[in-house]
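Structure at a glance
One letter stands for each residue in the lines below.
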Amino acid sequence: MSLSDDFLQNPETYCAPRNAGGRGRILIVAEREMLTLNAKGGYSSVAKTDRVSYCRIAQNVNIGQQMQQVTISTGSDTVVAEVKRNPPNPGDYGKRAGDWFPCYYLPWQAQQTYRITLRHSSGFLEEPRIFLTSTVDGCSVIVEGSPEAPTVYHLNDAGGGGNPPQQTTLVAQQNYWNPKATTMETRFQAARSPKEVRNQAANPMLPALPGAKGVHAMHYMDVTEANLPALDTGLDRYGYGQRARTMIRDAVKVNFQQALYKPYGTVFGWKQNTTWRFFYQQRAVVFYMYRVTDRQGAVHTVPVPRQCAFNLDEFWPNGSGVAVGKALVP
């Protein structure tokens, strides 16, 4: 069975922690081709013809992460959802292409509000049943509309406030992230309501829709470092020192310096039967920093990454998402 088939059987179980009965896989989204979005009043929308992209679940691939290109090794718990705008072969458009399967994909941009409605034009032989958006490390993701064809927003507020605080206390993190979340909710509330919401408002006899809900940085990121793995003097028994040694040619001396912790989140949707559910995976990477001296006496700073994941929660239409009230915007 391919990695893609394994994931598609049940993405929720695939990404849930083992202590919750899941497979414990860590899902990292890697965008390989950018989408073009149509700017509208207050937001940009993925064009109908570009809503469906292609994805495969892979290992032994490189991703850009914080300080370096990181290779996701074969056989680890970490997998990469590689997303391309088009199928590998043009003739495969609208159907499975080897390990590549159709999906809905929503990118992001600094200071922008991007959205997509999970409905495609005719001609697809395989219904897209997975939604993905770019890796989140401060943005908000909000969902509204019908469970059959919801509209998803990826909102960014990078302006002002500087870098996240060094203090990992709950109060310090709340004081930094909560105003950003409020700004992004305000932008969401000002965006035109999707067709399903407008139709339901015009015809109250239609079934009621789930309320809008979303997740912010304080949900999908371990900003207080509560889950930072304990460090000890025996790191070499886990092979991190040896990995640092192999990254520098003619290395003769390796010394551990410090650990740097960077939290992230992954958001994905899964269509079961006829309705969608949305999840976030709280994850992080620890960079074990080594000072490596080579045979010529040159000193190198080498980060060795360790991927971690802590929980998986549904946030729409059920689960732990934050309800975001919104009046109809015609």
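Below: a short report on this structure. From a predicted model like this one, the values you see are computed outputs, not experimental measurements.

1. Overview of the sheet that holds strand S12 (residues 150–155)
Strand order in this open sheet of 7 strands is S2-S3-S9-S12-S11-S13-S17, and the pairing throughout is mixed. Every interior strand has two partners, whereas the edge strands, strand S2 (37–40) and strand S17 (322–323), have only one. Two strands pair when backbone bridges link them, and strand S11 (residues 140–145) and S12 are joined in this way by 6 bridges, in the antiparallel orientation. Bridging from a neighbouring strand, Val-143 pairs with Val-152 of S12. Of the strands in this sheet, strand S9 (113–117), S11, S12 and S17 touch helix H3 (residues 170–190), which is tilted by about 30 degrees from S11.

2. A few points about the sheet that holds strand S4 (residues 52–58)
Ordered in space as S1-S7-S4-S8-S10-S14-S15-S16, the 8 strands form an open sheet in which the pairing is mixed. Two strands bound the open sheet, and with one partner strand each, they are strand S1 (26–31) and strand S16 (299–316). On average, adjacent strands in this sheet sit at an angle of 35 degrees to one another, irrespective of strand direction. Across 3 bridges, strand S10 (residues 130–133) lies against strand S14 (residues 251–272) in antiparallel orientation. Among the inter-strand pairings, Ile-130 is bridged to a residue of S14, identified as Trp-270.

Calculation rules
- Residues numbered from 1 in each chain as written.
- Predicted model: local features only at pLDDT ≥ 70, side-chain atom pairs only at ≥ 80, totals over all residues.
- Heavy atoms only, no water.
- Pairing = 2+ DSSP bridges.
- Helix = DSSP H or I, 4+ residues; strand = E, 2+ residues; numbered from the N terminus.
- Contact = heavy atoms within 4.5 Å.
- Axes fitted to C-alpha atoms, helices over the stretch in contact; angles between N-to-C directions.

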